[in-house]
Amino acid sequence: MRRAELEQRVEHLYQFQVPSGQRPERLDVWLSRHLPHVSRTKVQEAIRAGDVTVNGQLPKPSQKVHPGDIICCRVLRLPPLELVPEPIPLDIVYEDEYLLVLNKPAGMPTHPGIGHRQGTVVNAVLYHLGVRHPIAVEFDPEQEEEAAIFASDAVRPGIVHRLDKDTSGLLLVAKDSALHARLAEQLARRQIQREYRAIVWGHPPEVHGFIEAPIGRSPRNRKAFAVVSGGKPSRTEYTVLESFPIATVLALRLHTGRTHQIRVHCQWLGNPVMGDPLYGGDRLPPNLTEPRWRQCAQQCLELLQRQALHAYRLSFFHPVTRHWIECEAPLPADMEAVLSRLRTTAQELEPPRGEAAPQSARRAPASAPVARFG
């Protein structure tokens, strides 16, 4: 179990005396019947971890219990889960009586999760909407996997779609459950348009194209995702906005909504998002031999400290007013600083090109190529 999970669990100590008349029975089986909401597998893990003693001795799961045995067991359980309203400032781009669109800063989690139960968008939105008392979150006591609990809708009321902690940009929030359901239906039908800006290493194969590659859990890292056979169908559209010898600025549109989709697809294409520590973007590109550009790349990483990914534009049909809503959020300061560094280096090392972007960066082919898996 990870340290972040251990720190959030509460220790419960149990002591039993095996009653007279008890027939010999495996310790793990006996304990799983007497400990509330603890599976036999978890009991076995506790025994092997040294959290169970029988008459003061460390047993094996297969050891038999006998009348008069004193069994002590230490169990770590999840503490009560509450959503606590917090007076955290919000950068609100649009708001009416039904919903709001906010510009989330990088570093702020969308909703409570492992290691961050407070300081999230959910905590801030609850306070903004006038809630002043904690809201208890009900969960099955037999559900021992904290990640599954924090993935439930109960911990993210009103959040229509999420952004990764270190991704900045626009987030749509409904103010009541009925409207949330209608917006969630729009999202499922791909009727909510989400456009991102990213700075990636290297150069994609085309000025405008699509990435169609299935995404699933990474077989090498349980925290990450990857393009894998048998993964969920995933489609990302990209357009080159600006190009430099070591990096490219992309506009990206999600046609599906998989976890880490843009980050995974860019890595698979060979152009990881700059600064991304999970998908290889926090390392200097290979074969970067020109000293000034190598220095520039290092400076870009120092300026970022996170993936250079920003939810730039959000467009949707308002379920109540029937108006088309389109919101934009300018690039945050860290990404602007990286662009400034890239542009300055390009001007110092390359002949002037004028104000306009290169022709290839302004014109997409009539039929965009598709990069497919398999």
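The rules behind these values
Residues numbered from 1 in each chain as written. Predicted model: local features only at pLDDT ≥ 70, side-chain atom pairs only at ≥ 80, totals over all residues. Heavy atoms only, no water. Helix = DSSP H or I, 4+ residues; strand = E, 2+ residues; numbered from the N terminus. Contact = heavy atoms within 4.5 Å. Areas by Shrake-Rupley, 256 points an atom, 1.4 Å probe, with all protein chains shown as cover. Buried < 20%, exposed > 50% of the residue type's maximum accessible area, 1.4 Å probe, protein only. Pairing = 2+ DSSP bridges. Core = buried A, V, L, I, M, F, W, Y, C linked by side-chain atoms within 4.5 Å. Phe/Tyr/Trp six-rings, centres within 6.5 Å; stacked < 30°, edge-to-face > 60°. Lys NZ or Arg CZ within 6 Å of the ring centre and 35° of its normal. Expected span 1.5 Å × (residues − 1). Arc of directions from axis to C-beta. Polar contact = N/O pair within 3.5 Å; in protein donor to acceptor, adjacent residues only side chain to side chain. Axes fitted to C-alpha atoms, helices over the stretch in contact; angles between N-to-C directions. Lys, Arg positive; Asp, Glu negative; His and termini not counted. Salt bridge = Lys/Arg side-chain N within 4 Å of Asp/Glu carboxyl O.

Participant: In this structure, what is going on with the overall build of the protein? I would like to understand it.
Facilitator: Helices and strands together make up the secondary structure of the protein, namely ten helices and 19 strands. Excluding contacts between residues fewer than 6 apart, the proportion of contacts in the protein whose partners are at least 24 apart in sequence is 69%. Here the protein displays about 19,100 Å² of accessible surface, and carbon together with sulfur accounts for 50% of that area.

Participant: For this particular structure, what's the right way to read the pairing of strand 16 (residues 247–254)?
Facilitator: Burial within strand 16 is extensive, with seven of its eight residues counted as buried. The pairing of strand 11 (residues 193–201) with strand 16 spans seven bridges and is antiparallel. Bridge assignment links Tyr-196 to a residue of strand 16, and that residue is Leu-252. Looking at chain direction, strand 15 (residues 235–243) and strand 16 are connected through seven bridges and run antiparallel. Each bridged residue has a counterpart across the sheet, and for Glu-242 the counterpart in strand 16 is Val-249.

Participant: Before we go on, may I ask you to explain the nonpolar core in this structure?
Facilitator: Residues Tyr-196, Ile-199, Ile-246, Leu-252, Met-274, Trp-293 and Leu-342 are the most contacted members of the largest nonpolar core, which totals 52 residues. Of all the elements, helix 8 (residues 291–304) adds the most residues to this core, at six residues. What Ile-199 contacts, discounting residues up to four positions off in sequence, is Ala-247, Thr-248, Val-249, Val-273, Met-274, Ala-308, Met-335, Val-338, Leu-339 and Leu-342. Membership of the second largest hydrophobic core comes to 16 residues, among which are Trp-30, Val-43, Ala-46 and Val-75.

Participant: Looking at this structure, how should I read the packing of aromatic side chains?
Facilitator: Centre-to-centre distance and the angle between the planes together describe a pair of aromatic rings. Per the counting criterion, the structure on display carries two aromatic pairs. Pairing Tyr-14 with Phe-16 gives two aromatic rings, centres 6.4 Å apart and planes at 0°, and the pair type is stacked. A relative accessible area of 17% places Phe-16 in the buried class. One aromatic cluster is present, built from ring pairs that chain together Tyr-14, Phe-16 and Trp-30. Lying across the ring of Tyr-312, Arg-197 places its NZ or CZ 3.9 Å from the centre. Above the face of the Phe-210 ring, Arg-235 is positioned so that its terminal group lies 4.0 Å from the ring centre.

Participant: Looking at this structure, I do not really get helix 8. What am I missing?
Facilitator: Because an α-helix packs 3.6 residues into every turn, residues spaced three or four apart end up facing the same way. Its 14 residues give helix 8 an end-to-end C-alpha distance of 20 Å, which sits within 8% of 20 Å, the value for a rise of 1.5 Å per residue. Following helix 8 by one or two positions, Gln-305 has its phi on the positive side, about 60°.

Participant: What is the right way to read helix 6 (residues 177–188) from this model?
Facilitator: With twelve residues, helix 6 extends 16 Å from end C-alpha to end C-alpha; this agrees with the ideal 16 Å at 1.5 Å per step. Every buried residue of helix 6 is accounted for by Leu-179, His-180, Leu-183, Gln-186 and Leu-187. End-on view of helix 6: buried residues confined to an arc of 120°, all on one side of the axis. For helix 6, the exposed residues set more than 90 degrees away from the buried face come down to Ser-177, Ala-178 and Ala-188. Where helix 6 is buried, its residues touch strand 8 (99–104), strand 10 (168–174), strand 11 and strand 17 (309–317). For helix 6, the side-chain oxygen to backbone nitrogen distance between the N-cap and Ala-178 is 3.1 Å, and the N-cap itself is Asp-176. Positive backbone phi, at 65°, marks Arg-190, one or two positions downstream of helix 6.

Participant: Help me understand the sheet that holds strand 5 (residues 70–77), please; the structure alone is not making it clear to me.
Facilitator: Sheets are built from strands paired through backbone hydrogen bonds, the pairs being either parallel or antiparallel. If you trace the three strands from one edge of the open sheet to the other, you get 1-5-3, paired in antiparallel fashion. Unpaired on one side and paired on the other, strand 1 (10–17) and strand 3 (52–54) mark the two borders of the sheet. In this sheet, neighbouring strand axes are inclined to one another by 15° on average, regardless of whether the strands run parallel or antiparallel.

Participant: Mind showing me how you'd approach the side chain of Arg-194 here?
Facilitator: If you trace the backbone, Arg-194 turns up in strand 11. Of the side chains with opposite charge, Asp-164 comes closest to the buried, unpaired Arg-194, at an N-O distance of 9.7 Å. Discounting chain neighbours no more than four positions away, the residues touching Arg-194 are His-161, Leu-187, Leu-252, Arg-253, Leu-254, Thr-256, Gly-257, Arg-313 and Leu-314.

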